[in-house]
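# Tertiary structure, described
Residue strings, one per chain:
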Amino acid sequence: MSRFWGAITGRTTPKQANLDSLFLVPSAAVTLQTAAGFIPTGTGSVCFRAPDGAAYQQVQDEVVGLLRDEDDKPDVQVHRDDFGFTWVVVDRVEDDVEGLCTDLHAVNAALEEQGFSTGLLCSLVPFHDAAGRNVGLVYLYKQGTFYAFAPTGPKTRDNLLELQLRDTLAGDLPMEQDLQRWLALWGAPGL
Amino acid sequence: MARTRFGSDLGLTARMTTVMFLLGGIFVALIVVLMFVLPAQYAPFIALIGLGVVWWQWYNSDTVAMKAMRAREVTPEEAPELHAMIDRLVALADMPKPRVGVADVNVPNAFATGRSPNRSVVCVTTGILGMLTADEMEAVLAHELSHVAHRDVLVMTIASSAGIIAGGLGRGAQYGAWFGGGRRDNNNNGVPVWLVVLVISLVVYAVSFFLTRLLSRYRELCADRSGAYLTMKPRALATALQKIAGGMSAIPEKDLRASSAMNAFFITPAIKGVSLGQLTSTHPSLEQRLEQLAKIEAELSRPVDGSAEGPAAL
């Protein structure tokens, strides 16, 4: 019914982000380590679309200030990629995935507070293994699902590993079933 | 409930709904009048054929439009940037990914078509690819994706159904005038049936023409709005529209006429409605569009304090 009404009035309600599933990451990190040998790198990032102007600048200052004021002072960086999306990158000690997720959630909550949660695209938590392979656990905010992104070069990705990790993590996380939605995040921070 | 900055534009919605209501009224009026004028069994039959034509136009809108523009579908390998941009936009909007087409035309333009969001095409011309920056291109794509999400092809096709039937009837009546002109049928007061049908269909066609154009302009404003909120960059759409509008008039006549069949689905029309200006235009004026975008920009950059309620939560 709401879809019909959206078509009639020419107005689709922007999809709100699903923030809660991010807290499933710590248990998935354990599975990744025991079942596949991937350990967290300690970084994590939130990727979103930010508008220009005072409102967003205020959010950014607030979030960065908040994170840097924490007791263990994680390293926080903000930068913009080629597609015009803003990345907030948090750098912590390797084994503190829970603290990392709390930090990422703080970024999300601050954006939501100012009405910008419709701009949240994805969150990325990179892992690596002893063989030097990198894989990013990506959370899609709008779909509320996860997928693994395993870049092997500037424009190549290891699809086999990605599919394999989908099956490995299926018990812990809601995995994205539509392969078209597995965005290629070339040059993402931490990968 | 999460706060949202996507307020509703009640004025626009009200105007648009009124126009759609009038279009529906025209359709019903046409059928009712036909039932009185023609022998009773004809009217539903004509309406059915008309609706069949309308359905066909809508059902095949993607292939027809792509062929009319001589556009071809491109794969992610052929146009990686375009696909990556669209991938991100559809992830943000949580909608199915449309197919992507490129038309080798110098006119800077873009259009979206297809019978449903699951089966749609977003097409850009090589002219627009060369003209816009990445930001602006994304804004244009978001505008086209909004057309898809709003099901504008379906809405506009239904809206024009009265006009299509009236147009067909008008032709049929002229035909009847040549071949059955001598007959007076069962009409006693001397006015031949074909003349009555011709006049009715002309009137319906004319009224429906202006109403669909009006509706089309409202739908464009809606798409601008949703697109700007999706990218959160109303400014990029504004500069894109300005560039395209400027590029339009600088392009030679010949190219413009070649693409006229697709005007209603373009981001800005390739031909200006000169004769009746605003009334017959499929797109709102640049000033109107920029004004709306300026409002959205202001809305997006205004900080809301923690305690107050967000603007018009939906």
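Note that this is a predicted model, so its numbers are computed, not measured.

Attention now goes to the overall build of chain A. If you tally the helices and strands in chain A, you get five helices and seven strands. Of the regular secondary structure in chain A, the N- to C-terminal order runs α-α-β-β-α-β-β-α-β-β-β-α. Relative to its length of 191 residues, chain A is compact, with a C-alpha radius of gyration of 17 Å against a globular reference of 16 Å. Considered along the principal axes of its C-alpha atoms, chain A spans approximately 50 × 40 × 30 Å. Long-range pairs, those at least 24 residues apart, make up 66% of the contacts in chain A between residues at least 6 apart in sequence.

Here the focus is the overall build of chain B. Assigned secondary structure in chain B consists of twelve helices and four strands. Across the 314 residues of chain B, 43% fall into the buried class. Here the contacts in chain B between residues at least 6 apart in sequence split such that 75% fall between residues at least 24 apart.

Right, let's talk about the pairing of strand 3 (residues 110-116) of chain B for a bit. In terms of burial, strand 3 of chain B is largely enclosed, as five of its seven residues are buried. In this structure, the hairpin formed by strand 3 of chain B and strand 4 (residues 119-125) of chain B is closed by a connection of two residues.

Remark on secondary structure: sheet strands pair via backbone hydrogen bonds, oriented parallel or antiparallel. All names here are of chain B. Taken together, four strands build an open sheet; the order of strands is 1-2-4-3 and the sheet is mixed. Each of the sheet's edge strands pairs with one partner strand only, and the pair in question is strand 1 (71-73) and strand 3. Neighbour to neighbour, the strand axes of the sheet diverge by 25° on average, direction disregarded. Across five bridges, strand 2 (residues 99-103) lies against strand 4 in parallel orientation. Residue pairing across strands places Gly101 opposite Cys123, the latter belonging to strand 4. The strands touched by helix 3 (residues 61-68) within the sheet are strand 1, strand 2, strand 3 and strand 4, with strand 3 carrying the most contacts at an inclination of about 155°.

Reports of interface size often rely on the accessible area that becomes lost once the parts have come together. Residue-level contacts link 34 residues of chain A with 41 residues of chain B. Counting only elements with at least two residues in the side of chain A that touches chain B, the list comes to helix 1 (2-9), helix 3 (54-68) and helix 4 (97-113) of chain A. Looking at the side of chain A that touches chain B, its residues break down into ten nonpolar, 16 polar and eight charged.

Turning our eyes to something else, we now look at the confidence of the model for chain B. A low pLDDT means the predicted coordinates there should not be read in detail. Residues and elements named next belong to chain B. Averaged over all residues, the pLDDT of chain B is 79; the fraction at 70 or higher stands at 78%. This stretch, residues 271-276, has a pLDDT under 50; its non-local contacts, to residues over four places away or in other chains, come to six contacts. Ignoring residues within four places in sequence, the model shows residues 306-314, a span with pLDDT below 50, making 17 contacts including any to other chains.

As a further point, take the environment of Ala245 of chain B. All names here are of chain B. Checked against the element boundaries, Ala245 lands in helix 10 (residues 234-250). Given 17 C-beta atoms within a 10 Å radius, Ala245 is considered partly exposed. Spatially, the C-alpha atoms of Ala245 and Val148 are 22 Å apart, while their sequence positions differ by 97 residues.

Residue and element names in this part refer to chain B. You will see that Arg151, though not glycine, has its phi angle at about 55°, which is positive. Considering the arrangement of structural elements, one finds Arg151 in the loop between helix 6 (134-149) and helix 7 (152-159). Even without being a glycine, Met232 presents a positive backbone phi close to 60°. Looking at Met232, the number of C-beta atoms within 10 Å reads 26, which means it is buried.

Scored by pLDDT, chain A comes out at a mean of 89, with 99% of its residues at no less than 70. No element of chain A has a lower mean pLDDT than helix 1 of chain A, at 74, and none a higher one than strand 7 (residues 145-149) of chain A, at 95.

The subject of this paragraph is helix 6 of chain B. Residue and element names in this part refer to chain B. Relative to the 22 Å expected for 16 residues at 1.5 Å per residue, helix 6 spans 22 Å between its end C-alpha atoms, a close match to the ideal helical length. Taking burial as the measure, the 16 residues of helix 6 include 14 buried ones, the bulk of the element. After helix 6 finishes, the residue Arg151 shows a positive phi value of roughly 55°.

Generally speaking, soluble globular proteins have nonpolar side chains that are buried together. In this structure, Cys122 and Val138 of chain A together with Leu89, Cys123, Leu141 and Leu145 of chain B are the most contacted members of the largest nonpolar core, which totals 97 residues. In this structure Cys122 of chain A touches Cys47, Val138, Tyr139, Leu140, Tyr141 and Leu183 of chain A, once residues within four positions along its chain are discounted.

Before going further, it helps to examine the packing of helix 3 of chain A against helix 4 of chain A. Residue and element names in this part refer to chain A. Between helix 3 and helix 4, whose axes approach to 10 Å, the crossing angle comes to 155°. Compared by their axis directions, helix 3 and helix 4 come out roughly antiparallel. Note that helix 3 runs across helix 4; the crossing there is right-handed. Contact residues: Val59, Glu62, Val63, Leu66 and Leu67 in helix 3; Asp103, Ala106, Val107, Ala110 and Leu111 in helix 4.

Once that is clear, we can look at the environment of Val89 of chain A. Mapped onto the secondary structure, Val89 of chain A falls in strand 4 (residues 86-91). Excluding residues that lie within four positions of it along the chain, Val89 of chain A makes contacts with Thr43, Ser45, Gln77, Pro189 and Gly190 of chain A.

What counts, and at which threshold
- Residues numbered from 1 in each chain as written.
- Chains lettered and ligands numbered in written order.
- Predicted model: local features only at pLDDT ≥ 70, side-chain atom pairs only at ≥ 80, totals over all residues.
- Helix = DSSP H or I, 4+ residues; strand = E, 2+ residues; numbered from the N terminus.
- Rg over C-alpha atoms; globule rule 2.2 N^0.38 Å.
- Contact = placed C-beta atoms within 7 Å.
- Buried ≥ 20, exposed ≤ 12 C-beta atoms within 10 Å, placed from the backbone.
- Pairing = 2+ DSSP bridges.
- Axes fitted to C-alpha atoms, helices over the stretch in contact; angles between N-to-C directions.
- Nonpolar A, V, L, I, M, F, W, Y, C, P; charged D, E, K, R; others polar.
- pLDDT = per-residue confidence, 0-100.
- Expected span 1.5 Å × (residues − 1).
- Core = buried A, V, L, I, M, F, W, Y, C linked by C-beta atoms within 7 Å.
- Parallel < 35°, antiparallel > 145°, perpendicular 65-115°, else oblique.
- Left-handed = near helix turned anticlockwise from the far one by under 90°.

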